[in-house]
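A structural walkthrough
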Amino acid sequence: DAGVTQSPTHLIKTRGQHVTLRCSPISGHKSVSWYQQVLGQGPQFIFQYYEKEERGRGNFPDRFSARQFPNYSSELNVNALLLGDSALYLCASSLEQGALGYEQYFGPGTRLTVT
Amino acid sequence: AQSVTQLDSHVSVSEGTPVLLRCNYSSSYSPSLFWYVQHPNKGLQLLLKYTSAATLVKGINGFEAEFKKSETSFHLTKPSAHMSDAAEYFCVGGFKTIFGAGTRLFVKA
């Protein structure tokens, strides 16, 4: 079975632009979470979606938004990009909602560079 | 507030010697805890997880971790390091999926 896939692999954007990152979960997984990993730091939780509803949100500004589609794939949108948004964006899927022992499976990430 | 603290940012061992990566947590209830490994330019891979079934948890690649409630610790160990173990390791609290800051493991030949 295919693992979690993310697209694109790399992306370069200019300050003020917006970006859309995409994630396809493992087949059968209904929960998708997004994380931001700045170079040299651990991933920071951005969003969790389960059955197309937002179930958790981290401490990120409203410029960050996401959605989950009926096929459980997900998009992360970031508006008005700042230099500080440069990071590796990770998507993870799990069978159920997280936080209660359901391990998450991570994709390879999208490397976003904002210039 | 719930938190996960990795006590060492870097650990260096010689090949064939034991590995100890330390993690403390704080939680008002018994947490779910995980260890993930991240090799350069690769995704995060689950090593093992604790969900209260057993305090000593065995994972992949010879790693194991022991949950000690009295010490609020979940340290990761391996009896004998291999060069391929060199990577970044993250302790993760299942409550709201909180990642520790990571420990970079270096393995010397």
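Predicted model only: the values in this text are computed from it and were never measured. (Residues numbered from 1 in each chain as written. Chains lettered and ligands numbered in written order. Predicted model: local features only at pLDDT ≥ 70, side-chain atom pairs only at ≥ 80, totals over all residues. Heavy atoms only, no water.)

When their charged atoms lie close together, side chains carrying opposite charge are able to pair. Residues and elements named next belong to chain A. Taken as a whole, this structure holds 12 salt bridges over all chains when the rule is applied. Across the pair Lys-52 and Glu-51 runs a salt bridge whose closest N-O atoms are separated by 3.6 Å. Here Lys-52 falls in the partly exposed class, since its relative accessible area comes to 36%. Accessibility expressed as a relative area gives 26% for Glu-51, which makes it partly exposed. The salt bridge involving Arg-57 is made with Glu-54; its shortest N-O contact spans 3.3 Å. (Salt bridge = Lys/Arg side-chain N within 4 Å of Asp/Glu carboxyl O. Buried < 20%, exposed > 50% of the residue type's maximum accessible area, 1.4 Å probe, protein only.)

Now for the pairing of strand β7 (residues 64-68) of chain A. The two faces of β7(A) differ: A:Phe64, A:Ala66 and A:Gln68 on one face are buried, but A:Ser65 and A:Arg67 on the other face are not. Between the antiparallel neighbours β7(A) and strand β8 (residues 74-78) of chain A lie 5 residues, among them A:Tyr72 with a positive phi of about 75°. (Helix = DSSP H or I, 4+ residues; strand = E, 2+ residues; numbered from the N terminus. Pairing = 2+ DSSP bridges.)

A separate point is the sheet that holds strand β1 (residues 5-7) of chain A. In a beta sheet, neighbouring strands are held together by backbone hydrogen bonds and run either parallel or antiparallel to one another. Residues and elements named next belong to chain A. Read across the open sheet, the 4 strands follow the order β1-β3-β8-β7; overall the sheet is antiparallel. The outermost strands of the open sheet, each flanked by one partner alone, are β1 and β7. When strand polarity is set aside, the average angle formed by the axes of neighbouring strands in this sheet is 15°. Pairing of β1 with strand β3 (residues 19-24), which is carried by 3 bridges, proceeds in the antiparallel orientation. Looking across to β3, one finds that Thr-5 is bridged to Ser-24. (Axes fitted to C-alpha atoms, helices over the stretch in contact; angles between N-to-C directions.)

Residue and element names in this part refer to chain A. Secondary-structure assignment places Glu-75 in strand β8. For Glu-75, a relative accessible area of 10% corresponds to the buried category. Here the side chain of Glu-75 touches Arg-22 through a polar contact of 3.5 Å, side chain to side chain. (Polar contact = N/O pair within 3.5 Å; in protein donor to acceptor, adjacent residues only side chain to side chain.)

All names here are of chain B. Burial of strand β10 (residues 87-93) is extensive: 7 of the 7 residues sit out of reach of the surface. Bridging between strand β5 (residues 33-38) and β10 involves 6 bridges; their strand directions are antiparallel. Across the sheet, the residue bridging to Val-37 is Tyr-89, located in β10. The sheet contact formed by β10 and strand β12 (residues 103-108) spans 3 bridges and is antiparallel. Its bridge partner lying in β12, Ala-87 is registered against Leu-105. Two elements, β10 and strand β11 (residues 98-99), share 2 bridges in a ladder whose sense is antiparallel. Residue pairing in the sheet places Val-92 in a bridge with Phe-99 of β11.

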